[in-house]
Amino acid sequence: MPNLGQGGCQATEDGFRLAEELANVQHTREIEGALNSYFLKRIGRTTIIQILAQLGSDLLVDFDKMMTIPLVGPFFLFMTQVSMPFILRFLYTPEF
């Protein structure tokens, strides 16, 4: 289940990066290299965002269940609270 506005945000970022790469193309033979560069720049970020969105979705659905598991619940809550500033900084940074 998509989360964090994943689909629309990723499409916007993809369009921007693709236009940025293709703007440097001077000849049709350079298109393959531009597309490869685009792919390499986007694959890491999109993979991480998909994983975080899936995790966020799972958390929303199973949060109450997880909190009832001894040791796991408190540990999970602590890790969520500690990691959230880093996750938000990654998701909302202007450099993508």
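See the structure above.
About the thresholds
Residues numbered from 1 in each chain as written. Predicted model: local features only at pLDDT ≥ 70, side-chain atom pairs only at ≥ 80, totals over all residues. Heavy atoms only, no water. Helix = DSSP H or I, 4+ residues; strand = E, 2+ residues; numbered from the N terminus. Expected span 1.5 Å × (residues − 1). Buried < 20%, exposed > 50% of the residue type's maximum accessible area, 1.4 Å probe, protein only. Contact = heavy atoms within 4.5 Å. Salt bridge = Lys/Arg side-chain N within 4 Å of Asp/Glu carboxyl O. Axes fitted to C-alpha atoms, helices over the stretch in contact; angles between N-to-C directions. Parallel < 35°, antiparallel > 145°, perpendicular 65-115°, else oblique. Left-handed = near helix turned anticlockwise from the far one by under 90°. Nonpolar A, V, L, I, M, F, W, Y, C, P; charged D, E, K, R; others polar. Patch = residues over 30% accessible without salt bridge, like charges linked within 9 Å, V, L, I, M, F, W, Y side chains within 5 Å. Areas by Shrake-Rupley, 256 points an atom, 1.4 Å probe, with all protein chains shown as cover.

Another aspect to go through is helix H2 (residues 31–67). With 37 residues, H2 ought to run about 54 Å at 1.5 Å a step, and its terminal C-alpha atoms sit 51 Å apart, in line with that. Restricting attention to buried positions, one finds in H2 the residues Ala34, Tyr38, Arg42, Arg45, Thr46, Ile49, Leu52, Ala53, Gly56, Ser57 and Leu59. Here the buried face of H2 lies against helix H1 (6–22) and helix H3 (72–91).

Attention now goes to the pattern of salt bridges. On inspection of all chains with the given rule, the structure shows five salt bridges. Taking the shortest distance from any N to any O, the salt bridge between Arg42 and Glu13 comes out at 2.9 Å. On the criterion of sequence distance, the pair formed by Arg42 in helix H2 and Glu13 in helix H1 is long-range, its members being 29 residues apart. Both residues of the pair, Arg42 and Glu13, belong to the buried class. One salt bridge connects Arg45 with Glu13, and the closest N-O pair in it is separated by 2.9 Å. Of this pair, Arg45 sits in helix H2 while Glu13 sits in helix H1, placing them 32 residues apart in sequence. Both residues of the pair, Arg45 and Glu13, belong to the buried class. Connected via shared salt-bridge partners are Glu13, Asp14, Arg42 and Arg45.

Quick look at the packing of H1 against H2 now. At their nearest, the axes of H1 and H2 sit 10 Å apart, and the two run at 165 degrees to each other. In terms of their interaxial angle, H1 and H2 are classed as roughly antiparallel. The chirality of how H1 crosses H2 is right-handed. Taken together, the residues of H2 that come into contact with H1 (itself represented by Gln6, Gln10, Glu13, Asp14, Arg17, Leu18, Glu21 and Leu22) are Ala34, Leu35, Ser37, Tyr38, Lys41, Arg42, Arg45, Thr46, Ile49, Gln50 and Ala53. Here the contact of H1 with H2 is built from residues that sort into seven nonpolar, five polar and seven charged.

Moving on, we come to the side chain of Gln10. Position of Gln10 among the secondary structure elements: in helix H1. Since its relative accessible area comes to 9%, Gln10 is described here as buried. Each residue touching Gln10, except ones within four places of it in the same chain, is listed here: Arg42, Thr46 and Ile49.

Now for a nonpolar patch on the surface. Side chains of Phe75, Phe78, Met79, Val82 and Phe86 sit close together on the surface and give an oily, nonpolar patch of about 520 Å² of accessible area. Relative to the elements of secondary structure, Phe78 occurs in helix H3.

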